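Chain residues, written in single-letter form:
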Amino acid sequence: MSGSDAGEGTAPPTVTGPTVTLLIADDDEVTRSGLRMLLSAQPGITVVGEAADGVEAVERAEVLRPDVVLMDVRMPRLNGIEATRRLLAEAADPPKVVVITTFENDGYVTAALSAGASGFVLKRLPVRRIAEAVRVVAAGEAVLFPAALGRMVAPRPLGSAEALPRAALTGREEEVLRLMTTGLSNPEIAESLRVSLETVKTHVGNVLTKLGAQNRTHAVVIAYESGLVVPGFAG
């Protein structure tokens, strides 16, 4: 976790729209307090509470009803992955969850996505990047930062994947899904493929429909499980 972007020479972004309410769950008091102080200073974010373990995270989220929970992985009583799973399954109006950890572990990434998390970030990221993840997830998008996923995803050649569930994707839709697993946004996918943003949105919608995926993160899980992409450090 980096408290500033010293040396970059850039001012904090101006954020318009509603403020995002945030609950921070981390068993380390110093880390938790540091995150609260730094994220509270970011535009568009209000930290409404803290939790010291997974059980408390679920309980406090039900009372405080934050927009987003920033959930550590390794916590006592109930780890962050299981707390995410329980929170999203039991809450009447569940918040979005961004899993945050010190460890670049592909097992954590896939477990977090399978549990229903909308994002995964590393604590060593600059605070502005963590704040960005919180805002993006609150807006209904997924966050799969390349720092967490990009090095771990080793795409197979096109056509080598096992049969994807429900319906076969076209070659272009497979390309779009692969790029989704590396954390690219729709505009970045459009730039990579040299197509319009509206075309990418159409492809993403087709991918979700054909895979029966609830959202982009669910589609990424399916991509892993089907063998379309392989988690593992590429070196």
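Everything that follows concerns the structure shown earlier in this document.
Residues numbered from 1 in each chain as written. Predicted model: local features only at pLDDT ≥ 70, side-chain atom pairs only at ≥ 80, totals over all residues. Heavy atoms only, no water.

(A) The overall build of the protein chain, seen in detail. The secondary structure content of the protein chain amounts to 9 helices and 8 strands. Residue pairs in contact within the protein chain that sit at least 24 positions apart in sequence constitute 65% of those at least 6 positions apart. Total accessible area computed for the protein chain in this model is approximately 10900 Å², and 51% of it derives from carbon and sulfur atoms. (Helix = DSSP H or I, 4+ residues; strand = E, 2+ residues; numbered from the N terminus. Contact = heavy atoms within 4.5 Å. Areas by Shrake-Rupley, 256 points an atom, 1.4 Å probe, with all protein chains shown as cover.)

(B) The packing of helix α6 (residues 171–181) against helix α7 (residues 186–193), seen in detail. The contact between α6 and α7 brings their axes to 10 Å, and the two run at 130 degrees. Taken together, the axes of α6 and α7 are oblique relative to one another. Crossing geometry of α6 relative to α7 is assigned as right-handed. Side by side, α6 and α7 meet where Arg172, Glu175, Val176, Leu179 and Met180 of the first sit next to Ile189, Ser192 and Leu193 of the second. (Axes fitted to C-alpha atoms, helices over the stretch in contact; angles between N-to-C directions. Parallel < 35°, antiparallel > 145°, perpendicular 65-115°, else oblique. Left-handed = near helix turned anticlockwise from the far one by under 90°.)

(C) Here's a closer look at the environment of Ser40. By the secondary structure assignment, Ser40 is in helix α1 (residues 29–40). For Ser40, a relative accessible area of 39% corresponds to the partly exposed category. Taking the C-alpha atoms as reference points, Ser40 and Thr21, 19 residues apart in sequence, are found 9.9 Å from one another. Among residues more than four places away in sequence, those in contact with Ser40 are Leu35, Ile45 and Val47. A polar contact of 2.6 Å, which involves the side chain of Ser40, links it to the backbone oxygen of Arg36. (Buried < 20%, exposed > 50% of the residue type's maximum accessible area, 1.4 Å probe, protein only. Polar contact = N/O pair within 3.5 Å; in protein donor to acceptor, adjacent residues only side chain to side chain.)

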